[in-house]
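# Working through the structure, step by step
Okay, here's what each chain looks like letter by letter:
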Amino acid sequence: MQHYQLAGSGRTGTRPARRLLAYGALALAFFLLAARLDLAERLTQALGRHEHWQLDELALSLLLLALALAGFAVRRGRQVALLLAQNRALTQRLLRAQEEERCALARELHDEVGQDCTAIRAAASYILRARDGDQANVQACAASIARSSEALHAMVRTMLRRLRPPVLDSLGLEAALQALCDSWTQQHGIVCHFAPQAIPLKLDDGTATAIYRLVQEGLTNVARHAGADRATVELRADAHGVLHLAIEDNGQGLCPDKTPADGFGMLGMRERVAGLRGHIRWISALGNGLRIEVAMPLAAGAA
């Protein structure tokens, strides 16, 4: 995780001022030296002797180039500042999402695990104190322990699926995505077609997990915002070692006043793809759905 120094810290705030003073002092020193040596006059005379080469126009050309480079630097500086602001916002959102997930897990552990553990403890305590001939109640307590244990096991499996999809390890990426599309269709009632093509048999864990999470987030956005009745997930690898993912729906598309960077899910998708040296773009036609295209290089170990 990247860490950013606070903008309000005194040390960071003094650096631009010191640099500005240094640049001003350098400019003043150069002016005094130029005035002392008459550099402008000497340069004009030297260039005048080569008028047939038009070298006297070089100074204005260099000035124009300097202004163009300065404008380019300003634009790049603004872009960098915007990216830093977006990264800070993403970091804060990720921290909030992490805290919300922890709170949700804590509530489930408290409500479900606490309740089942209390039931198991009570039943086991009764069994320990049971007298001979109380076989019916002992069996009922044993059945209660079995039910509570089964509920605990189911809850643990649910939490594990939320933390890490186990089908990626047991079935591989293609089968895991097919299972994800099928379960998403059953859950939301939206037809989802998965179209794999030439997927490498072995993908590194980081790439496989990123693809799975991208599809998961993309389908979540379709269910929440698209108003679609059909979605398609395409995944293929080309001959140049690039993995292509596309998620498309026939919903309402992006609103004209909304950009991909506005949503936390979209911002997370962009950062996840960028972390794997890939590219992502959103193609939207209002009323004709949204298409998300991702391209990322395959790891060297993929085959």
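Rules behind the numbers
- Residues numbered from 1 in each chain as written.
- Predicted model: local features only at pLDDT ≥ 70, side-chain atom pairs only at ≥ 80, totals over all residues.
- Heavy atoms only, no water.
- Pairing = 2+ DSSP bridges.
- Helix = DSSP H or I, 4+ residues; strand = E, 2+ residues; numbered from the N terminus.
- Expected span 1.5 Å × (residues − 1).
- Core = buried A, V, L, I, M, F, W, Y, C linked by side-chain atoms within 4.5 Å.
- Buried < 20%, exposed > 50% of the residue type's maximum accessible area, 1.4 Å probe, protein only.
- Contact = heavy atoms within 4.5 Å.
- Axes fitted to C-alpha atoms, helices over the stretch in contact; angles between N-to-C directions.
- Right-handed = clockwise from strand over helix to strand, strands pointing away.
- pLDDT = per-residue confidence, 0-100.
- 1 Å grid on protein atoms, 1.4 Å probe; cavity = no way out; pocket = protein on both sides within 12 Å on 5 of 7 lines; lining within 4 Å.
- Points joined across faces, edges and corners; volume = space filled by probe spheres on them.
- Parallel < 35°, antiparallel > 145°, perpendicular 65-115°, else oblique.
- Left-handed = near helix turned anticlockwise from the far one by under 90°.

Pairing geometry for strand E3 (residues 242-249) and strand E5 (residues 290-297), over 7 bridges, is antiparallel. In the sheet register, Leu243 faces E5, and the bridge partner there is Met296. For strand E4 (residues 279-284) and E5, the ladder comprises 6 bridges, and the chain directions are antiparallel. Looking across to E5, one finds that Arg281 is bridged to Glu293.

Moving on: helix H7 (residues 205-226). Taking 1.5 Å of rise per residue, the 22 residues of H7 would be expected to cover 32 Å, and the 30 Å separating its terminal C-alpha atoms lies within 8% of that figure. Residue Gly227 follows H7 closely and has a positive phi angle near 65 degrees.

So, on to the nonpolar core. With 39 residues, the main nonpolar core has Leu177, Leu219, Leu235 and Leu245 as its most contacted residues. With 8 residues, the single largest contributor to this core is H7. Among residues more than four places away in sequence, those in contact with Leu177 are Phe194, Ile211, Tyr212, Val215 and Leu235.

The next point concerns the sheet that holds E5. Pairing is mixed across the open sheet formed by 5 strands, whose spatial order is E1-E2-E3-E5-E4. A single partner strand is all that each edge strand has here, and the edge strands are strand E1 (191-197) and E4. Taking each pair of neighbouring strands and ignoring which way they run, the sheet shows an average axis angle of 10 degrees. Across the sheet, helix H6 (residues 173-188) lies against E1 and strand E2 (230-237), angled at about 170 degrees from E1, the strand it touches most. Docked against the sheet, H7 engages E1, E2, E3 and E5, running at close to 15 degrees with respect to E3.

Both E1 and E2 contribute to a ladder of 7 bridges, which runs parallel. Bridge pairing links Pro196 to Leu235 in E2. Crossover connection from E1 via H7 to parallel E2: handedness left-handed.

Predicted confidence across the chain gives a mean pLDDT of 76, with 83% of residues reaching 70 or more. Segment residues 1-12 is flagged for pLDDT under 50; beyond a separation of four residues in sequence, or across chains, it makes 6 contacts in the model.

As a further point, take the layout of surface pockets. One number sums up the size of the second largest pocket: a volume of about 230 Å³. Leu168, Gly172, Leu173, Leu201 and Leu203 are the residues nearest the centre of the second largest pocket, which is lined by 16 residues in total. Among the elements of the structure, helix H5 (167-170), H6 and H7 are those that each provide at least two residues to the lining of the second largest pocket. The element that contributes the greatest number of residues to the lining of the second largest pocket is H6, accounting for 3 residues.

Moving on, we come to the packing of H6 against H7. Their axes nearest at 11 Å, the elements H6 and H7 cross at an angle of 15 degrees. Our classification of the angle between H6 and H7 gives roughly parallel. In the crossing of H6 with H7, the sense of the turn from one axis to the other is right-handed. Here H6 contributes Leu173, Ala176, Leu177, Leu180, Cys181, Trp184 and His188 to the contact with H7, which in turn contributes Ala208, Ile211, Tyr212, Val215, Gln216, Leu219, Thr220, Val222 and Ala223.

With that settled, consider H6. A rise of 1.5 Å per residue sets the reference length of H6, with its 16 residues, at 22 Å; its end C-alpha atoms lie 22 Å apart and thus fit the reference within 8%. In this structure, the buried side of H6 is in contact with H5, E1, H7 and E2. Just past H6, the residue Gly189 takes up positive phi, approximately 70 degrees.

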